[in-house]
Amino acid sequence: MSAPRDKLGRPIVVVTGMGVVTSLGAGKKDNWARLTAGESGIRTVTRFPIDGLKTTMAGTVDFVTVEPFSSTGLTERLAEMATAEALEQAAIGTKADFPGPLFLAVAPVEVEWPQRLELGRAVGKTEFGYEHMLRVSGGGRFTEYHHRFMFGSIASHLAENFGTKGSPISLSTACASGATAIQLGVEAIRRGEADAALCVGTDGSVNPEALVRFSLLSALSTQNEPPQAASKPFSKNRDGFVMAEGAGAMVLESYESAIARGAKILGVVAGCGELTDSFHRTRSSPDGKPIIGCMRKTLADAGLEPEQIDHINAHGTATPENDKMEYNTTAVVFGEHLPKIPVSSNKSMVGHTISAAGAVEAVFSLLTLEHQRIPPTINYEIPDPTILFDVVGNRARDAKVTAVMSNSFGFGGQNASLILTREPV
Amino acid sequence: MTEQKSAGAKEVWITGIGIVSSLGEGLDAHWDALNAKKINVDDKRFAPYIVHPLAPVTFDAQIPKKGDQRQMEAWQRIGTYAAGLALDSAGVKGNKEILGRMDMIVAAGGGERDIAVDAAILSADAKGNSSPGFLNERLMNDLRPTLFLAQLSNLLAGNIAIVHGVCGTSRTFMGEEAASIDAARIALARIEAGQSDIALVGAAHNGERSDLLVLYEFGDFNLTEKFSPVWQRDDRSGFALGSAGCFLVLEAREHAEARGAKPYAKLTKVVADLAQRKQPGAVTKSLEALWPKLGVGDSGTLITGATGAEPVTSEEKVFLRQHPGFAIRATGTMFGHTLETQFPLGLALAALSISRGALFPPNDPTGLEVEKAGSPDQIVVVGAGHWQGEGMALVEAIK
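Residues numbered from 1 in each chain as written. Chains lettered and ligands numbered in written order. Predicted model: local features only at pLDDT ≥ 70, side-chain atom pairs only at ≥ 80, totals over all residues. Heavy atoms only, no water.

Per an unreviewed UniProt entry, chain B is named Beta-ketoacyl-ACP synthase, and its organism is Bradyrhizobium australiense.

In the annotation of an unreviewed UniProt entry, the entry for chain A reads Beta-ketoacyl-ACP synthase, and the organism field reads Bradyrhizobium australiense. Quoted verbatim from the Pathway (unreviewed entry) field of UniProt, the annotation for chain A is "Lipid metabolism; fatty acid biosynthesis." Under the UniProt heading Sequence similarities (unreviewed entry), the entry covering chain A gives this text: "Belongs to the thiolase-like superfamily. Beta-ketoacyl-ACP synthases family." (UniProt positions renumbered as here; feature names shortened; annotations may be inferred.)

Let us look at the UniProt feature "domain: Ketosynthase family 3 (KS3)" (unreviewed entry) in chain A. UniProt marks residues 10-422 of chain A with the feature "domain: Ketosynthase family 3 (KS3)" (unreviewed entry), using the numbering shown here. In residues 10-422 of chain A, the share of helix is 34% and the share of strand is 19%. The end C-alpha atoms are 18 Å apart. (Helix = DSSP H or I, 4+ residues; strand = E, 2+ residues; numbered from the N terminus.)

Grouped together as the largest cluster of nonpolar side chains are 96 residues, with contacts concentrated most on Leu252(A) and Val395(B). Looking at which element gives the most residues to this core, the answer is helix H15 (residues 342-356) of chain B, with nine residues. If we skip the residues at most four places from it in the chain, Val395(B) touches Ile14(B), Ala265(B), Lys266(B), Leu267(B), Leu347(B), Ala350(B), Ala351(B), Ile354(B), Asp377(B), Gln378(B), Ile379(B) and Val381(B). Counting residues in each nonpolar core, the second largest holds 91 residues, with Leu53(A), Val123(A), Leu212(B) and Leu215(B) among its members. (Core = buried A, V, L, I, M, F, W, Y, C linked by side-chain atoms within 4.5 Å. Buried < 20%, exposed > 50% of the residue type's maximum accessible area, 1.4 Å probe, protein only. Contact = heavy atoms within 4.5 Å.)

Moving on, we come to the UniProt feature "domain: Beta-ketoacyl synthase-like N-terminal" (unreviewed entry) in chain B. What UniProt calls "domain: Beta-ketoacyl synthase-like N-terminal" (unreviewed entry) maps, in this numbering, to residues 10-254 of chain B. Structurally, residues 10-254 of chain B comprises 40% helix and 18% strand, and the distance from its first C-alpha atom to its last is 8 Å.

The next subject is the domain arrangement of chain A. Residues and elements named next belong to chain A. For chain A, the assigned domains are domain 1 (13-112 + 149-421) and domain 2 (113-148). Computed over C-alpha atoms, the centres of domain 1 and domain 2 are 36 Å apart. Counting residues at the interface gives 13 residues for domain 1, matched by eight residues for domain 2. Buried area between domain 1 and domain 2, summed over both chains or domains, comes out near 930 Å², and the portion from carbon and sulfur atoms is 45%. If you sort the residues of domain 1 by the area they bury against domain 2, Glu112, Phe149 and Met150 come out on top, with a joint share of 53%. Run the count over domain 1 and domain 2 and you get one salt bridge. Across the pair arginine 148 and glutamate 76 runs a salt bridge, and its minimum N-O distance is 2.6 Å. There are 13 residue pairs in polar contact (both at pLDDT 80 or more) connecting domain 1 and domain 2. When residues of the side of domain 1 that touches domain 2 are traced back to their parent elements, those giving at least two are helix H2 (71-90) and helix H6 (153-162). Counting residues per element, the side of domain 1 that touches domain 2 draws most heavily on H2, which supplies three residues. In terms of residue class, the side of domain 1 that touches domain 2 is made up of six nonpolar, four polar and three charged. (Domains from an automatic or database assignment. Buried area = accessible area lost by both parts, 1.4 Å probe. Salt bridge = Lys/Arg side-chain N within 4 Å of Asp/Glu carboxyl O. Polar contact = N/O pair within 3.5 Å; in protein donor to acceptor, adjacent residues only side chain to side chain. Nonpolar A, V, L, I, M, F, W, Y, C, P; charged D, E, K, R; others polar.)

Once that is clear, we can look at the interface of chain B and chain A. Facing 77 residues of chain B, the contacting portion of chain A comprises 82 residues. Of the roughly 7,000 Å² buried between chain B and chain A, counting both surfaces, carbon and sulfur atoms make up 65%. At the junction of chain B with chain A, the criterion picks out 10 salt bridges. Taken together, chain B and chain A are joined by 32 residue pairs in polar contact (both at pLDDT 80 or more). Contributions of two or more residues to the side of chain B that touches chain A are made by helix H5 (115-126), helix H6 (134-142), helix H7 (147-151), helix H8 (155-164), strand E5 (169-174), helix H9 (176-192), helix H10 (210-218) and strand E9 (265-273) of chain B. Alignment of strand E6 (residues 169-172) of chain A against E5(B), held across three bridges, turns out to be antiparallel. Residue pairing for E5(B): Ser170(A) is matched across the bridge by Met174(B). (Pairing = 2+ DSSP bridges.)

On to the pattern of salt bridges, then. Pairs may arise between side chains of opposite charge once their charged atoms sit close together. Tallied over the entire structure, the rule returns 48 salt bridges over all chains. Close ionic contact of Arg121(A) with Asp125(B) constitutes a salt bridge, the shortest N to O distance being 2.7 Å. Of this pair, Arg121(A) sits in helix H3 (residues 113-123) while Asp125(B) sits in helix H5, placing the two residues on different chains. Measuring nitrogen to oxygen at the nearest pair gives 3.1 Å for the salt bridge that ties Asp68(B) to Arg281(A). Taken together, the residues Asp68(B) in helix H2 (residues 66-70) and Arg281(A) in the loop between strand E9 (267-274) and helix H10 (289-302) connect one chain to another. The residues Asp68(B) and Arg281(A) share a single accessibility class, namely buried. Overlapping salt bridges bring together Glu110(A), Arg116(A), Glu209(A), Arg213(A), Arg113(B) and Asp118(B) as one network.

At the junction of Glu225(A) and Pro226(A), the peptide bond is cis and its omega measures out at -10 degrees in the coordinates. Along the chain, Pro226(A) turns up in the loop between helix H8 (208-216) and strand E8 (246-254). The step from Ala47(B) to Pro48(B) runs through a cis peptide bond, and the omega angle for that step is 5 degrees. A positive phi angle, near 45 degrees, is found at Ile354(A), a position not held by glycine. Structurally, the position occupied by Ile354(A) is in the loop between helix H12 (347-350) and helix H13 (357-371). When its relative accessible area of 8% is taken as the criterion, Ile354(A) is described as buried. In this structure, Asp220(B) takes a positive phi of about 55 degrees despite not being glycine. Among the structural elements, Asp220(B) can be located in the loop between H10 and strand E7 (241-242).

See the structure below:
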């Protein structure tokens, strides 16, 4: 192996533990088996009534239950499961004593409808407003809802359970959040501030209002039947993304520290990059410059040329605009080399895990490197003739993969990319 | 974990400050208000709850397009406005070259509800109208399609990018008071390490929200009935929510000098921790553990974001009394509790005081805050969140 510093003289950041939960299952083993078999985790929602909704399917994680139920509670549980798996693999520190900071990508937290309805019923009137709800909110009856619905509550819980050090950071860069969490961990290790960092992305927020919100923005697929076929990245008949739940966790370490303790190195976070788009709240700049710049910054950060990327784990949401924009910008960055790069979207099977997606897909990218096998983009029956990616359609493909670019783009002009490699570059 | 600086860490200057609050907008207005011991509270609108309402602001001055203003809820307008003031103050407004590579870390809450929609749904539910699809149908029909964008935490940063063109990197930290302590900590660490040259850091809060009052009422955190300064709430503890936006431009000294920027002060340290507050005294202990990392002497000046809520305020008082040489100022008395905005506000007032060569007067009948003459060359900024998160910063004069 090479020296413990990268081309730019910074500590090399490696991954020594990974965990994942999606609608396909809990853990890397199940997820990988199902992902490479081309199975879909998308199903008709049963957690709450779907009457009156335009989109009635999602990648819910129904095999995990929390009592009393809340999206925030589920989000926390998913993060906990993924983290436990990552820590077990990394075998770092001692139980409940992780030797580094926590960076948590998480959906914004708010009081949810079941609790709001409970509060409303406590008012004891049939015509009332928030001023009446205020009068019954205090006095200890709903104390646990304060903690549950604080933005910092999930990170605080994880920090306590896993013994991470310092002030845990909860962050949101919308659909790029998971990638940003990893980037913050990479930066901390490169600064020499920490030898290890726990980076987690989690999202358990399939609830009525969340579905309605994305519906009202016309972002979701409405191809409800069959639900497994709804998410169609890069297809001509794609019509939106499918909301989903999941979590991905990674233990990052400096190469030096991982080697010193004899840890098994699963891969390298060779580069990270981000560049903000100031064009519109939900749409990308038509010239694609911010996304192009984001990918180029990431290549430069990794010290790699476009020709050295041999797989792209696409953002690939299956919205008409994203996939087109992603192709156009990727084509500019990779030029003549693009046809040689197999591209795939995990979201065809697990859906869009929103705040978790960047972390979940980073885990899948590393599994791709480990197994030298690229998971398919399912539901790829009618290719969009204007998207000339070499899409790994419908069946997994064995391939020599040494460097993967994983892209994440989100509302608010958020663009983030990661480059993951098997060995230090 | 960030207190150990590597050799060759870059000096970080505060070159821009933007504040809008219940006391007004801009640095002069705030300096005058602080010196006049002005407090602006409204105890009628949400009675018996007390809030510090935003002073009248003409948003057009920083958000010229009405279309942009319409796309935002109040917290985003407040923040976008304050960010614009900070960019103006740093002399980088409209400078596309710098703004295009400026890093941004925003500390945000989010989620202003459509109060009328919520109330109508809840009232209908109370009347027994709860068919399976009822909630879905009402939300589908009644929610404004773009409201979501005004609720999303990262869309304050998104709006700042759109309105002001700050578009290097954009990160939004969440988690109440601690979020902005960490935002300042990470921005400082990145600039010191050469990972960033210039950054916009700050937060915004709309305290005039009944849905937020409900959230804090769950934990009995709201101040009711009668306003009193934060140190004088022994009989009736709690915080009065405040509306405010505050942003800072942090910049590597070399970068600032190269463009001829005038600094207000330098930001030397930001440290933070999360104590599990299960035992009495946990906050005192956490603050005491952070204190030596600042490397300050026995006397000086300290600006705290103490909330007035208990038990954290009493525990912070114990810590403060262990450092009797420090003149204390609590922003909570004048600004109310502005959650994520409280720590940047403390940093801003520290930098402002240093640049004006004086500390503003105490505003505290209990005597914990005392007069302090002379020009401060170091100010400690303290933040202890109402339920979790502790942090400190050191702002210093540039010599």
